[in-house]
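# Inside the fold
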Amino acid sequence: MRVRDECQIIERLRRLLPAGAVLSSPEELKPYECDALTLYRQTPLAVALPADEAQVAAVLRLCHAARVPVIARGAGTGLSGGATPRPDAVLLSLARLNRIVGIDPLARIARVQPGVRNLAISEAAAPHGLYYAPDPSSQIACTIGGNVAENSGGVHCLKYGLTVHNLLALRVLTIEGEVLEIGSAAPDAPGYDLLALLTGSEGLLGVVTEATVRLIPRPECARVVLAVFDDLTKAGRAVADVIAAGIIPAGLEMMDRPAIAAVEPFVHAGYPLDAEAILLCESDGAAEEVEEEVLRMEAVMRRAGATECRVSRDEAERLRFWAGRKAAFPAMGALSPDYYCMDGSIPRRRLAAVLQAIREMEGRYGLRCTNVFHAGDGNLHPLILFDSNIPDELARAEAFGGEILELCVREGGSITGEHGVGMEKIGQMCVQFGAGELETFHAVKRAFDDLGLLNPGKAVPTLHRCAELGRLHVRGGKLPHPELPRF
């Protein structure tokens, strides 16, 4: 785009939005150059900060008419580069759409704008004895719009589900600024299940301006079993044993020795520093049910090889146990100048084997890797530690992460559980999916955004890109549909 055209776009944005709602100077754009995946950085053409749905629609209509790409952004806590800007694109920040539209305690629903923080929903619902179940580790900062874009989970997603399972309806704007009402506050909605399609679409199909979410009653009682293991493989097997015993914990998380060593001085959660791994297994519900389920959990853990089981004595200790797990990512700063957080999913029964394979990779790549993850649903979060000031360490960290993701695919899993594909996992998408599947994804994209203006270059690679990476086998050396846009 020519400088003159760039200036015209910025000026037209300023005419659409209130004073101070368009940022364009280098100093103003700097904070928006990346999301929480700081490996990829670019400054956008401009940042637009609309305050309501009408202003969002006006920005989208302008960009569509001018053929300018648009990248929606929430709180910037994403870990896959999904909100990484482009120099030819307008970054559409939804931070000012931060109003809780309403809470209906009888229907147990909340209507919220996309800039509302995840935790703020539960805080607002608390006087009614209700809360919003999905709880990503970044819930104090991440927003519901971003949670919808990535289909975020959290430590309690095993029992209560991901964002998609707690979402009833969406208001979405297309790239043309048209309003779509998806889903319903009723138990079911007519027509195709577009709600599931939009959830986790990473900003490629539309821009969320309002979400209706399900609220659930606060449990009468909740207790956590902290199980200690002297062997990582035993802990991995214990996870499968818990589920096989017919127990569905509210949360089931694992941390290995390096993660424990980083977290305990940081949070003082009461974790044993001599353990090879710990499991946090929570039961919630009526007090009598919790007491009986905790006894069953302890029995399963001890049969699997737990050397010790501690049960939270009160609510303060329960929250402290979880505080350690939720602080795992920031605690890594005490171990390494940089870390690369991966996000893959595997069948629970393959957990022990995958953990052993990651240990072997550490030796080959010469880098340490700590493991903290949603063990109950097989969602791994290996944290690869490196120092970007040392030549070649970043490249080794990226290669290490890529091999972990491809291992997840070989084991029958997926390259992402909740962080999304973004820019980070484009190459692994070519491993996970074949040419026919990728073509179908592109067909869905064209149905919503035929010019490829929404979040281009993210989540779904073109067949050309896969071929360039040498990751896609194409018969006869020819790529089908060469006219596919490079979004």
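Structure first, text after, so check above.
Let me begin by describing the structure that accompanies this report. (Residues numbered from 1 in each chain as written. Predicted model: local features only at pLDDT ≥ 70, side-chain atom pairs only at ≥ 80, totals over all residues. Heavy atoms only, no water.)

## Looking at the overall build of the chain
Applicable threshold: Helix and strand assignments come from DSSP, with helices taken as H or I runs of at least 4 residues and strands as E runs of at least 2, each series counted from the N terminus. Working rule for contacts: check all heavy atoms of both residues, and any pair within 4.5 Å makes them a contact. The Shrake-Rupley method, run with a 1.4 Å probe sphere, supplies the accessible areas, and residue values consider only the shown protein chains as cover. In this charge count, Lys and Arg are treated as positive and Asp and Glu as negative; neither His nor the chain ends contribute. Charge placement uses NZ in Lys and CZ in Arg. For Asp and Glu, CG and CD serve respectively.
When its secondary structure is counted, the chain shows 17 helices and 20 strands. Considering only C-alpha atoms, the chain reaches an extent of 70 × 55 × 45 Å along its principal axes. In the chain, the proportion of contacts linking residues at least 24 apart, taken out of those at least 6 apart, comes to 71%. Put simply, the chain shows about 19,900 Å² of open surface, and 52% of that area lies on carbon and sulfur atoms. Taken as two groups, the 50 positive and 62 negative side-chain charges of the chain have centres that lie 3 Å from each other.

## Here's the deal with the packing of aromatic side chains
Filter applied, for reference: Here is the rule: rings of Phe, Tyr and Trp (six-membered ring for Trp) pair when centre to centre is within 6.5 Å. Planes less than 30 degrees apart are stacked, more than 60 are edge-to-face, and the remainder are tilted.
Applying the stated criterion across every chain, the model contains 3 aromatic pairs. Considering the side-chain rings of Phe329 and Tyr339, the 6.3 Å spacing of their centres and the 55° angle between planes classify their relative orientation as tilted. Note that Phe329 is positioned in helix α12 (residues 328-331) and Tyr339 in strand β16 (residues 338-341), a separation of 10 residues in sequence. When the centroid spacing of 5.0 Å and the interplanar angle of 85° are considered together, the rings of Phe433 and Phe441 count as edge-to-face.

## Some words on the side chain of Ser345
Looking at the element boundaries, Ser345 is found in strand β17 (residues 344-345). Aside from chain neighbours lying at most four places away, what touches Ser345 is Gly378, Asn379, Cys408, Gly413, Ser414, Thr416 and Gly417.

## Details of the sheet that holds strand β6 (residues 109-112)
Put simply, the rule reads: Pairing between strands is defined by DSSP: at least two bridges between them are needed. Helix axes are fitted only over the stretch in contact, all axes being lines through C-alpha atoms; the angle between N-to-C directions runs from 0 to 180 degrees.
The strand order across the open sheet formed by 5 strands is β5-β6-β10-β8-β9, and the pairing between neighbours is antiparallel. This sheet does not close on itself; its edge strands, each paired only once, are β5 (100-104) and β9 (179-183). Taking each pair of neighbouring strands and ignoring which way they run, the sheet shows an average axis angle of 10°. Its contacts with the sheet place helix α3 (residues 53-66) against β8 (167-173), β9 and β10 (207-214), and it is angled at close to 50° to β8.

## Focus on the sheet that holds strand β12 (residues 221-229)
Read from one edge of the open sheet, 7 strands run β15-β12-β14-β13-β18-β20-β16, paired in antiparallel fashion. Lying at the two open borders of the sheet, with one neighbouring strand each, are β15 (308-311) and β16. In this sheet, adjacent strand axes meet at a mean angle of 20° when their direction is disregarded. In the sheet, strand β18 (residues 369-373) pairs with strand β20 (residues 382-386) via 3 bridges, with the strands oriented antiparallel. For Cys369, the partnering residue across the bridge sits in β20 and is Ile384. Across the sheet, helix α11 (residues 315-326) touches β12, β13 (251-256), β14 (277-285), β15 and β18, and the angle it forms with β12 is around 50°. Sheet contacts for helix α13 (residues 351-365): β13, β18 and β20; angle to β18, the most-contacted strand, approximately 155°.

## Here's the deal with a negative patch on the surface
Note the cut-off: Grouping into patches uses exposed residues only, defined as over 30% relative accessible area, and leaves out salt-bridged ones; the cut-off is 9 Å for like charges and 5 Å for nonpolar side chains (Val, Leu, Ile, Met, Phe, Trp, Tyr). Every case where a carboxyl oxygen of Asp or Glu lies within 4 Å of a side-chain nitrogen of Lys or Arg is listed as a salt bridge.
Residues Glu220, Glu288, Glu289, Glu291 and Glu292 make up a contiguous surface patch of negative charge. Turning to its location among the elements, Glu288 is positioned in helix α10 (residues 287-304).

## Examining the nonpolar core
The condition that has to hold: The criterion is simple. A nonpolar core is a set of buried Ala, Val, Leu, Ile, Met, Phe, Trp, Tyr and Cys residues joined through side-chain atoms within 4.5 Å. Each residue is placed in one exposure class: buried if its accessible area under a 1.4 Å probe, protein chains only, is under 20% of its type's maximum, exposed if it is over 50%, and partly exposed if it falls in between.
Formed by 83 residues in total, the largest nonpolar core has its most connected members in Leu170, Met254 and Met301. Leaving out residues up to four positions away in the same chain, Met254 has contacts with Leu232, Ala235, Gly236, Val239, Ile278, Leu279, Leu351, Leu355, Asn371, Val372, Phe373 and Ala375. By size, the runner-up hydrophobic cluster in this structure holds 34 residues, among which are Leu17, Val70, Leu91 and Val207.

## Digging into the packing of α13 against helix α14 (residues 393-410)
Test applied: For this classification, under 35 degrees means roughly parallel, over 145 means roughly antiparallel, 65 to 115 means roughly perpendicular, and everything else is oblique. Helix crossings are classified by the rotation of the near helix relative to the far one: an anticlockwise turn of less than a right angle makes the crossing left-handed, while a clockwise turn makes it right-handed. Side-chain classes follow a simple rule in which Ala, Val, Leu, Ile, Met, Phe, Trp, Tyr, Cys and Pro form the nonpolar group, Asp, Glu, Lys and Arg form the charged group, and the remainder, Gly included, forms the polar group.
It is at 11 Å that the axes of α13 and α14 come closest, and there the two elements cross at 155°. Between α13 and α14, the crossing angle belongs to the class labelled roughly antiparallel. In the crossing of α13 with α14, the sense of the turn from one axis to the other is right-handed. Across the interface between the two elements, Val354, Ala357, Ile358, Met361, Glu362, Arg364 and Tyr365 from α13 touch Arg396, Ala399, Phe400, Glu403, Ile404 and Leu407 from α14. Considering only residue class, the contact of α13 with α14 consists of 9 nonpolar, no polar and 4 charged.

## Remarks on the state of the cysteines
Test applied: Cysteine sulfurs are considered disulfide-paired once they come within 2.5 Å of each other.
Going through the model one piece at a time under the given rule, you end up with 1 disulfide. The thiol of Cys221 is unpaired, and the distance to the nearest cysteine sulfur, on Cys281, comes to 14 Å. Unpaired in this structure, Cys341 has its nearest cysteine sulfur neighbour in Cys369, at a distance of 9.6 Å.

## A closer look at the environment of Leu454
For Leu454, the location among the structural elements is in the loop between α16 (435-448) and α17 (463-469). What makes Leu454 buried here is its relative accessible area of 1%. Considered as a pair, Leu454 and Leu205 are 249 residues apart in the sequence and their alpha carbons are 6.8 Å apart. The contact partners of Leu454, leaving out residues within four places of it in the chain, are Leu60, Val70, Ile175, Gly203, Leu204, Leu205, Gly206, Val207, Lys445 and Asp449.

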